[in-house]
Amino acid sequence: TQSLFGTGAIVGTASYMAPEQLQGKSVTTAADIHALGVLLFEMVTGRHPFEGETPLAIALRRLSGPAPSPREFVKDLDRNWEAATLACLEADPARRPPNPAAVLAILEGARPRRPLVSRRTLAWGAGVVVAGAAAGVLWRPRRARNPEAERHFKVGEEFVRRRSADDLKNAVAEFDQAIGIEPDFADAWAGLANAWAAIANFSFGDSAAALANARRAAEKAVLLEPDSARALGILGYCISIDLSRWKQGEAYLVRAVLIDPKRAESRLWYASFLGKSGRPREAIRQLLTGLEDEPASLTLNQQLASEYLRAGEFEKSLVIARELVRLQPFQALGYLASARAQEYLGRYDDGLASCQLASKYMTGPVVDSYQACLLAGRGDRAEALRDSQPLENPPR
């Protein structure tokens, strides 16, 4: 009674999974035929048709175009083997052989059912899937939104990008107004979840209550648009900052990236998860991909500075942090990222100066904790204890 994705995971080995499995769609015996095609390809070439350093990279390659011909690697391969292998690896399950007997028939010389469109068209279609989800989702007509709801939504989007306590509270108010006008406005629910998640993450008040609000809003967004990369991504992110179940967020985050690889926000949320999972190199790749489309993104650059720190590349982290300050000198994030990199580089006085600049735009446990670490690193134990004492009883 539950889909594979509904249980919290996309189940399978990425190298052998069919596109419909990667997209969380219904799985039939056609997926087994696809896996057979992968095995045929391996048998004659000694390699996988879709290769990558990580399961996500393999999945993205599978969704980005048709399978290569095995004759690209084995020039004298029998044409029947080529035809059978490519027939099994068709992106559309309806165009694959219906059963193993049909595959055997192609190997023995029968002509495979021809695709209704050219392979070039199929490649373009697969690109559309990667750019925005399955074709049925991408082309689903959207009714016009109420202009006033749309206005509140766009204002909320601007506030949520700013990341200060007051800005995030304003974002919540704007998204609430948009939803009050249009209760089925999925993007507004996702925006509301994003605002509450940031409030929880930065401890601007009761973090537990904020996270609960974020989770409810994200679940509502997914309920309204189950194939929305934005809705799935923010739900995955909300789960990923819940210490009691954070690892369960990966399935949602991966699916969001697969549905819309061009959405930088999805890359950001997945990178945050990868970094916490001890995979900073994978996180850096995700962020650099996202920055190709949004090079001035404050949050993407901030996360990149953090991941370079986790990877032990402290000078690179400081370079990105300084770029953050240049991009937005009236935000605390750049100064805090600089302070953390300067701490790891042993430049404690510089780091404390960065904290002082950050405190102009943000106050609370985040700034206090950074400053306490720098003081401790410099050897000022008494001052470090003084600054860290309020952290013994932080907001929940």
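Here, every reference points to the structure presented above.
What this report covers is the structure whose coordinates are included nearby. Quick caveat: nothing in here was measured; it's all calculated off a predicted structure. (Residues numbered from 1 in each chain as written. Predicted model: local features only at pLDDT ≥ 70, side-chain atom pairs only at ≥ 80, totals over all residues. Heavy atoms only, no water.)

**A closer look at the overall build of the protein chain**
So the rule is basically this: Note on conventions: DSSP H or I runs of at least 4 residues are helices, E runs of at least 2 residues are strands, and numbering of each starts at the N terminus. Per-residue accessibility, obtained with a 1.4 Å probe over protein chains only, is compared with the maximum for each type, and a residue is labelled buried under 20%, exposed over 50%, and partly exposed between these values. We call two residues in contact whenever any of their non-hydrogen atoms come within 4.5 Å of each other. Method for areas: the Shrake-Rupley scheme with a 1.4 Å probe, in which residue coverage is limited to the protein chains shown.
In terms of helices and strands, the protein chain carries 21 helices and zero strands. For the protein chain, the residues scored as buried account for 50% of the 396 residues in total. Long-range contacts, defined here as pairs at least 24 residues apart, represent 57% of the contacts in the protein chain between residues at least 6 apart. For the protein chain, the accessible surface area stands at approximately 19,000 Å², while carbon and sulfur atoms represent 53% of it.

**Looking at the packing of helix α19 (residues 348-358) against helix α20 (residues 365-378)**
We count it as follows: Helix axes are fitted to C-alpha atoms over the stretch in contact, other axes to C-alpha atoms as well, and angles between N-to-C directions run from 0 to 180 degrees. In these notes the angle categories are as follows: under 35 degrees is roughly parallel, over 145 is roughly antiparallel, 65 to 115 is roughly perpendicular, and the rest is oblique. When the near helix sits turned anticlockwise from the far one by under a right angle, the crossing is termed left-handed; a clockwise turn instead gives a right-handed crossing. When residues are grouped by polarity, Ala, Val, Leu, Ile, Met, Phe, Trp, Tyr, Cys and Pro land in nonpolar, Asp, Glu, Lys and Arg in charged, and all others, Gly among them, in polar.
Direction vectors running N to C along α19 and α20 enclose 160°, while the axes themselves pass 9 Å from each other. The orientation of α19 with respect to α20, classified from their angle, is roughly antiparallel. You can see that α19 and α20 cross each other, and the crossing is left-handed. Residues Y348, D349, G351, L352, C355 and Q356 of α19 form the contact with α20, whose own contacting residues are V367, Y370, Q371, L374, L375, G377 and R378. When the residues that make up the contact of α19 with α20 are grouped by side-chain class, the tally is seven nonpolar, four polar and two charged.

**A look at the packing of helix α18 (residues 332-344) against α19**
Between α18 and α19, the shortest axis-to-axis distance is 8 Å and the interhelical angle comes to 165°. It follows that α18 is roughly antiparallel to α19 by the angle criterion. When you trace α18 past α19, the crossing you get is left-handed. The segment α18 lies against α19, with A332, Y335, L336, S338, A339, Q342 and E343 engaging Y348, D350, G351, S354, C355, L357 and A358.

**Focus: the nonpolar core**
So the rule is basically this: In these notes, a set of buried Ala, Val, Leu, Ile, Met, Phe, Trp, Tyr and Cys residues joined through side-chain atoms within 4.5 Å is what counts as a nonpolar core.
By size, the foremost hydrophobic cluster in this structure holds 85 residues, and its most contacted members are F175, L192, I234, Y270, L304, L336 and M362. Among the elements that line this core, the one with the most residues is helix α10 (residues 186-201), at ten residues. Apart from the residues lying within four places of it in its own chain, the contact partners of L336 are A358, M362, V366, V367 and Y370. One finds A14, V38, I58 and A67 within the second-largest nonpolar core, a separate group that totals eight residues.

**Describing helix α4 (residues 79-88)**
Because each turn of an α-helix spans 3.6 residues, side chains separated by three or four positions end up pointing in the same direction. To be explicit about the condition: Under this definition, polar contacts are N or O atom pairs within 3.5 Å; protein pairs additionally need one hydrogen-donor-capable and one acceptor-capable atom, and for neighbouring residues in sequence, both atoms have to be side-chain atoms.
Buried within α4 we find E82, A84, T85, L86, A87 and C88. Between the side-chain oxygen at the start of α4 and the backbone nitrogen of N80 there is a gap of 2.7 Å, and the oxygen is on D78.

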